[in-house]
Amino acid sequence: MWRLSFLLPFLTPCFAKTITLDWDISWVSASPDGYTRPVIGVNGQWPCPGIEADVGDTIVVNVKNSLGNETTGIHWHGMYQQGTISMDGASEMTQCPIPPGSTFTYTFTAYPAGSYWWHAHNHGQYPDGLRGPMIIHDRRLENSYEASSEFTMTVSDWYHDQMPYLLHSYLGPDNPNGIEPIPNSCIVNDAASTIIPIRSREKLLLRIINIGALAHLFVQFDSHQLTVVAVDSIPVRPRTVDGIRISPGQRYDVLITGKPYATRNYGLITRMDTAIFKANSSSSKLNCNGILSYSAKLSNPPPLRTTEFSLADDITFQPTDNQPLLEPVDQTITYNPKLIYYPNIGPRIALGDAPYHHQKVPTLYTALTTGTSATNPAVYGKGVQPTVLRAGKVIQIVVNNADTAAHPMHLHGHHFQVVGRGSGTWNGVVDVNQWGGLSPGVRRGPMRRDTVDVPPNGWVVIRFKAERPGIWLFHCHIEFHVEAGMTTTFIEAPELLQTISHPKIPDDHIQVCKLQNRPTEGNCAGKKGQDVLDTRECEEGPKEAGWG
Ligand SMILES: *[C@@H]1O[C@H](CO)[C@@H](O)[C@H](O)[C@H]1NC(C)=O
Ligand SMILES: *[C@@H]1O[C@H](CO)[C@@H](O)[C@H](O)[C@H]1NC(C)=O
Ligand SMILES: [Cu+2]
């Protein structure tokens, strides 16, 4: 089965095209919510460009880092990257960070279809603005929606301070309880407000993407319901809801039907969910607004002020392909994330045994150059919290969350089945009929997505098949938690990675490591041959928070 999905990107139709983008990444000034600050833009512009492609196209992005004072690296959230794992863009895991002045090319297949986004995956950088939507069209699927127009709406929290400063204080010794900084405001399409055009009677396909750092957001429209048709790009049986709650990293594709006779325009509200905030948010602008506009000639309503939202539980959506529950489970991995305070250093979060710590050699390069030792987790270094997954196995992951706030957990390169969710700690019961939070449709096929909320004081159980050779991160999508170490690494089918499923690492990728005097072969510390199991020089344990 893994062989088939491994081959899929190469079975692209002959009309697939190549989209080449040249991105010069630099600091620019912007004021999305009225406050002017430096942000990271592309080709002198901010908001950054979105990417649009048809499924099967080849996307080539030539990146030049002109930031001067920060490294960078770009991740294409949700792409399967089969045969191109070195293009996943996770700095320190699938590449070295791109230093200032360097260039670096990403080439990958636009697969699978749906609403995605791209963002820096480099030392907490994307909340400074380096992110944008990425839409992979499947025209046949989209035609089935009978929508006559489409619109992409990104939603996000927003900070006036820059991430290196925010991280320095969040990760510093004066923050023993790991209290996350509160966003100053909410923005929509990187602005204080957005206008979504709609015509009477038409169906509009709206793609909602949370590109933020911390906040979960409610989205609701005045007098218009939302018919959800895809969840993190997985098509689901259409279901009409009043509103959604969307976590960082998540996407919802919804249909909105225009009223037959509109005599005015309608408002929409996006509001940050304060449940995730541990500090006082009274000075934060929680709402941002927009207009569903039938005509510029009609009057616009005042901003919506909704504070009560009626929400659908995402676990109850049913994928249209009815992919059956993956059974039996071959390997269960249980995570009990915990906050650890290191005196004189600061708070960190361990998802596995200890907070994540990157190594001298990017984990992918270790997997490709350590021969038969690549199936031994030790060669990667304890710091990256490695788990080796064997090809074709059904993997079950349990996350028990003792925190008072939800964690949106993201797995690179996969959509996983969300088979159960509940409060407290999972009791290990495998009778699907008794699992808390289980959708009645689970027998027909559980909901799948790539970023799932683990509720406060609660648990989630997910499953996927290890059929995509690669180095895949499993991490919380709250960017502060990523930097606190809430990440683990799956080494999926390394023996296949070395043989059939990965071409040579491109020279420009090797070059950026060389520029930083970093080895590109061997174990976590660059040791090879007889010394491949010598991990004494590998990185472990928290260090002082840097400045980016
Ligand atoms: C990097 O340069 C930008 C633009 O001048 C500045 O706003 C930012 O604070 C600098 N970052 C660091 C970490 O010094
Ligand atoms: C939050 O801060 C405001 C002032 O900024 C204060 O009036 C309010 O009492 C604080 N709320 C709590 C719960 O501490
Ligand atoms: Cu988190």
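Since the model is a prediction, treat every value here as computed from it, not as a measurement.

**Q** Would you mind going over the overall build of the protein chain with me for this structure?
**A** Per the secondary structure count, the protein chain includes seven helices and 31 strands. Against the compact-globule benchmark of 24 Å for 548 residues, the protein chain has a radius of gyration of 22 Å, which places it among compact chains. For the protein chain, the C-alpha atoms occupy an extent of roughly 75 × 50 × 50 Å along the three principal directions. Of all 548 residues assigned to the protein chain, the portion counted as buried reaches 60%.

**Q** Explain the environment of Thr-487 here, please?
**A** Its place among the elements puts Thr-487 in strand 31 (residues 487–492). A relative accessible area of 2% means that Thr-487 is categorised as buried. When residues no more than four places from it in sequence are discounted, the contact partners of Thr-487 are Leu-351, Tyr-356, Gln-385, Leu-473, Phe-474, His-475 and Val-482.

**Q** How should the domain arrangement of the protein chain be read in this particular structure?
**A** For interface size, the figure often reported is the accessible area lost on association. Considered domain by domain, the protein chain is made up of domain 1 (1–136), domain 2 (145–320) and domain 3 (331–544). The C-alpha centroid of domain 3 is placed 21 Å from the C-alpha centroid of domain 1. Listed by partner, the interface residues are 42 residues for domain 1 and 42 residues for domain 3. Buried area between domain 1 and domain 3, both sides added, is near 3300 Å², and the carbon and sulfur share of it is 62%. Measuring nitrogen to oxygen at the nearest pair gives 2.8 Å for the salt bridge that ties Glu-92 to Arg-518. Listing elements by their share of the side of domain 1 that touches domain 3, those giving two or more residues are helix 1 (2–7), strand 5 (74–77), strand 6 (103–109) and strand 7 (114–120). Within the side of domain 1 that touches domain 3, the residues separate by chemical class into 19 nonpolar, 20 polar and three charged.

**Q** Quick question: what am I supposed to make of the coordination of the copper ion (ligand 3) here?
**A** Metal coordination angles in their ideal form are 109.5 degrees for the four-donor tetrahedron and 90 or 180 degrees for the six-donor octahedron. At this site the copper ion (ligand 3) is bound by His-407 (ND1), Cys-476 (SG) and His-481 (ND1), with donor distances of 2.0 Å. Mapped onto the polypeptide sequence, the residues donating to the copper ion (ligand 3) form the spacing pattern H-x68-C-x4-H. With His-407 in strand 25 (residues 407–411) and His-481 in helix 5 (residues 479–484), this pair connects stretches of sequence that are 74 residues apart. Side by side, His-407 and His-481 carry an identical accessibility label, which is buried.

**Q** Looking at this structure, how should I read the state of the cysteines?
**A** Overall, the coordinates contain three disulfides when judged by the stated rule. One disulfide bridge connects Cys-96 with Cys-513, the sulfur atoms lying 2.1 Å from each other. The disulfide joining Cys-96 to Cys-513 has a torsion of about 105° about its S-S bond and is therefore right-handed. One end of the pair, Cys-96, is in the loop between strand 5 and strand 6; the other, Cys-513, is in helix 7 (residues 507–515), and 417 residues separate them in sequence. A relative accessible area of 0% places Cys-513 in the buried class.

**Q** Sorry if this is basic, but what is going on with the sheet that holds strand 20 (residues 331–335) here?
**A** Pairing between the strands of a sheet comes from backbone hydrogen bonds, and it takes one of two forms, parallel or antiparallel. Spatial ordering of the open sheet is given by 20-24-29-26-27, a layout of five strands whose pairing is mixed. For this open sheet the edge positions go to strand 20 and strand 27 (448–449), each flanked by a neighbour on one side alone.

**Q** Looking at this structure, I do not really get unusual backbone geometry. What am I missing?
**A** Note: most peptide bonds trans; most residues except glycine with negative phi. In this chain, Trp-46 is followed by Pro-47 through a cis amide linkage whose omega measures 0°. Between Tyr-111 and the following residue, Pro-112, the backbone shows a cis peptide bond with an omega angle of 0°. Tracing the backbone shows Pro-112 in the loop between strand 6 and strand 7. Although it is not a glycine, Ser-233 sits at a positive phi angle of roughly 80°. Mapped onto the fold, Ser-233 is located in the loop between strand 14 (226–231) and strand 15 (234–241). Phi angles above zero are rare outside glycine, and Asn-344 is one such case at about 70°. When you line up the elements, Asn-344 lands in the loop between strand 21 (338–342) and strand 22 (346–350).

**Q** How should the nonpolar core be read in this particular structure?
**A** Across soluble globular proteins, you tend to see nonpolar side chains buried next to one another. One finds Trp-76, Trp-118, Phe-474 and Phe-480 to be the most contacted residues of the largest nonpolar core, which totals 136 residues. Counting six residues, the second-largest nonpolar core is a separate cluster that includes Val-398, Val-419, Trp-426 and Val-461.

**Q** Sorry if this is basic, but what is going on with the UniProt feature "domain: Plastocyanin-like" (unreviewed entry) in the protein chain here?
**A** Look at the UniProt record and you will see "domain: Plastocyanin-like" (unreviewed entry) annotated at residues 25–139, 150–294 and 358–494. Helix and strand shares over residues 25–139 are 1% and 43% respectively, and the end C-alpha atoms of the span are 31 Å apart.

**Q** Would you take a moment to explain the packing of aromatic side chains for this structure?
**A** Two aromatic rings are characterised by how far apart their centres lie and by the angle between their planes. For the structure shown, the criterion picks out 16 aromatic pairs. On the numbers, 4.5 Å between centres and 10° between planes, the contact of Phe-218 with Phe-309 is stacked. Note that Phe-218 is positioned in strand 13 (residues 217–221) and Phe-309 in the loop between strand 19 (287–293) and strand 20, a separation of 91 residues in sequence. Side by side, Phe-218 and Phe-309 carry an identical accessibility label, which is buried. Among the aromatic residues, those joined into a cluster by ring pairs are Trp-23, Trp-76, Phe-104, Tyr-106, Phe-108 and Trp-118. The ring of Tyr-261 is capped by Arg-201, whose NZ or CZ atom sits 5.1 Å from the centre of that ring. Here Arg-468 stacks its cationic end above the ring of Tyr-80, 3.6 Å away from the centre of that ring.

**Q** Teacher, can you tell me more about the side chain of Asp-57 here?
**A** With respect to the helices and strands, Asp-57 occurs in the loop between strand 3 (51–54) and strand 4 (58–65). Among the residues examined, Asp-57 registers a relative accessible area of 2% and is labelled buried. Looking at Asp-57, its side chain comes within polar contact range of the side chain of Lys-17, at 2.6 Å. At a separation of 2.8 Å, a polar atom in the side chain of Asp-57 contacts the main-chain amide nitrogen of Asp-54. Dropping the residues within four chain positions of it, Asp-57 is found in contact with Ala-16, Lys-17, Ile-19, Phe-108, Thr-109 and Ala-110.

**Q** Whenever I open this one, the pattern of salt bridges confuses me. Can you help?
**A** Between side chains of opposite charge, pairing is possible as soon as their charged atoms come close. Taken as a whole and judged by the stated rule, the model has 29 salt bridges. For Arg-251, the salt bridge identified is with Asp-232, shortest N-O distance 3.8 Å. Taken together, the positions of Arg-251 in strand 17 (residues 251–257) and Asp-232 in the loop between strand 14 and strand 15 put the pair 19 residues apart, joining distant regions of the chain. Ionic pairing is found between Asp-534 and Arg-536, a salt bridge with its closest N-O pair at 3.0 Å. By relative accessible area, which is 17% here, Asp-534 ends up buried. The network of salt bridges with common partners includes Asp-232, Arg-251, Asp-313, Asp-314, Arg-421, Arg-449 and Asp-450.

Thresholds, definitions, all that
Residues numbered from 1 in each chain as written. Chains lettered and ligands numbered in written order. Predicted model: local features only at pLDDT ≥ 70, side-chain atom pairs only at ≥ 80, totals over all residues. Heavy atoms only, no water. Helix = DSSP H or I, 4+ residues; strand = E, 2+ residues; numbered from the N terminus. Rg over C-alpha atoms; globule rule 2.2 N^0.38 Å. Buried < 20%, exposed > 50% of the residue type's maximum accessible area, 1.4 Å probe, protein only. Contact = heavy atoms within 4.5 Å. Domains from an automatic or database assignment. Buried area = accessible area lost by both parts, 1.4 Å probe. Salt bridge = Lys/Arg side-chain N within 4 Å of Asp/Glu carboxyl O. Nonpolar A, V, L, I, M, F, W, Y, C, P; charged D, E, K, R; others polar. Donors = N, O, S within 2.8 Å, 3.2 Å for Na, K, Ca; no water. Disulfide = S-S within 2.5 Å. Pairing = 2+ DSSP bridges. Core = buried A, V, L, I, M, F, W, Y, C linked by side-chain atoms within 4.5 Å. UniProt positions renumbered as here; feature names shortened; annotations may be inferred. Phe/Tyr/Trp six-rings, centres within 6.5 Å; stacked < 30°, edge-to-face > 60°. Lys NZ or Arg CZ within 6 Å of the ring centre and 35° of its normal. Polar contact = N/O pair within 3.5 Å; in protein donor to acceptor, adjacent residues only side chain to side chain.

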